[in-house]
Amino acid sequence: MCGGKLVLVGPDEILKFWLDDVDQKQWYIQDDDLDRKIVEKFEATWNEAMEGSWGLWLTYPSGALAYIILTDQFPRNMFRDSAKAFSSDKMALAVAKQAIHRGWDLKIDEPARQFFYLPLMHSENLCDQERCIRLMKERMPETGESNLIHAKAHREVIRLFGRFPYRNEALDRQMTESEQAYVDEGGYGSTLRALQSA
């Protein structure tokens, strides 16, 4: 809200903020100040995306990238630990698959290119997980290595459970005994450490 009006932003503003203004080290850590900034700057634009706006963004590579960041990454910051954090995942995944099919990911330099692949990593579908790993290996030759271990860890969780147990509470899903044991024993962090030490 600015002067009582909703503030809507375009794809260039999203890309400048996330790729230029935010340090890469902040992309994957919890930072309450950053989360607040993203809410202030982008929640209204995200709400419009949820209503079906921004179709024109999907007609060119950088626009599609901005849309994916808006619908896949930003909700994880804006609505952390709630079901809403995952509510636009399917939208981001559909756009990511379409963009990859068109080769648009290859028109974006690394490391920004990874954001085309993260909706696959966030998917609770093993085929998407396998594809994410392939893309990280094949299309991220310079910076993919750091993401590859995380892609493999996500795949391992989906192999084990068919879903991410640490989302269960936010999504009001019943935790199975094996999932609860997994979470109690360190969850994703334990899977990541096991892969790193293998």
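Here, every reference points to the structure presented above.
Cut-off values and rules
Residues numbered from 1 in each chain as written. Predicted model: local features only at pLDDT ≥ 70, side-chain atom pairs only at ≥ 80, totals over all residues. Heavy atoms only, no water. Phe/Tyr/Trp six-rings, centres within 6.5 Å; stacked < 30°, edge-to-face > 60°. 1 Å grid on protein atoms, 1.4 Å probe; cavity = no way out; pocket = protein on both sides within 12 Å on 5 of 7 lines; lining within 4 Å. Points joined across faces, edges and corners; volume = space filled by probe spheres on them. Helix = DSSP H or I, 4+ residues; strand = E, 2+ residues; numbered from the N terminus. Nonpolar A, V, L, I, M, F, W, Y, C, P; charged D, E, K, R; others polar. Domains from an automatic or database assignment. Core = buried A, V, L, I, M, F, W, Y, C linked by side-chain atoms within 4.5 Å. Buried < 20%, exposed > 50% of the residue type's maximum accessible area, 1.4 Å probe, protein only. Contact = heavy atoms within 4.5 Å. Expected span 1.5 Å × (residues − 1).

Peer 1: Just checking my understanding: could you explain the packing of aromatic side chains for this structure?
Peer 2: Using the criterion set out here, one finds 13 aromatic pairs in the structure. Among the aromatic residues, ring-to-ring pairing joins Phe17, Trp18, Trp27, Tyr28, Phe42, Phe74 and Phe115 into one connected group.

Peer 1: Please explain the layout of surface pockets as it appears in this structure.
Peer 2: Where empty space is left in the structure can be found by rolling a water-sized probe over the atoms. Looking at the largest pocket, its volume works out to about 1100 Å³. Tyr28, Arg76, Arg80, His122 and His154 are the residues nearest the centre of the largest pocket, which is lined by 33 residues in total. For the lining of the largest pocket, the leading source of residues is helix 7 (residues 144-161), giving four residues. Residues belonging to the lining of the largest pocket are distributed by class as follows: 16 nonpolar, eleven polar and six charged. Residues lining the lining of the largest pocket come from more than one domain, with at least three contributed by each of domain 1 (8-109) and domain 2 (123-197). Size it by volume and the second largest pocket reaches roughly 200 Å³. Lining the second largest pocket are Asp72, Ala83, Phe86, Asp89, Lys90, Leu93, Pro119, His122, Ser123, Glu124, Arg167 and Leu171. No other element matches the three residues that helix 4 (residues 89-101) contributes to the lining of the second largest pocket. Residues that form the lining of the second largest pocket fall into these classes: five nonpolar, two polar and five charged. Each of domain 1 (8-109) and domain 2 (123-197) contributes no fewer than three residues to the lining of the second largest pocket.

Peer 1: Teacher, can you tell me more about the nonpolar core here?
Peer 2: Soluble globular proteins tend to pack their nonpolar side chains together in the buried interior. Core analysis: the largest hydrophobic core is formed by 45 residues, its most contacted members being Ile14, Trp18, Phe74 and Phe116. Only helix 1 (11-21), helix 2 (32-50), helix 3 (61-78), helix 4, helix 5 (118-121), helix 6 (126-139) and helix 7 provide two or more residues apiece to this core. The element that contributes the greatest number of residues to this core is helix 3, accounting for nine residues. Both domains that meet at this core, namely domain 1 (8-109) and domain 2 (123-197), each give it at least three residues. The residues contacting Phe74, other than those within four sequence positions of it, are Ile14, Phe17, Trp18, Ile38, Phe42 and Ile69. Of all hydrophobic cores here, the second largest spans seven residues; its members include Ala153, Ile158, Tyr182 and Tyr188.

Peer 1: Looking at this structure, how should I read helix 7?
Peer 2: Helical geometry: 3.6 residues make up each α-helical turn, so side chains three or four residues apart lie on a common side. Its 18 residues place the ends of helix 7 26 Å apart at the C-alpha level, agreeing with the 26 Å of an ideal helix rising 1.5 Å per residue. Taken residue by residue, helix 7 has Gly144, Asn147, Leu148, Ala151, Ala153, His154, Arg155, Val157 and Ile158 as its buried positions. Buried positions along helix 7 lie against helix 5, helix 6, helix 8 (177-184) and helix 9 (187-197). Immediately beyond the C-terminal end of helix 7, within one or two residues, lies Gly162, with a positive phi of roughly 75°.

Peer 1: How do you make sense of the environment of Glu48 when you look at a structure like this?
Peer 2: Note on placement: Glu48 falls in helix 2. In this structure Glu48 comes out as partly exposed when scored by relative accessible area, which is 26%. Separated by 40 residues in sequence, Glu48 and Leu8 have C-alpha atoms that sit 8.5 Å apart. When neighbours within four sequence positions are excluded, Glu48 is seen to be in contact with Leu8, Ser53 and Trp54.

Read these as spatial facts, not as claims about activity.
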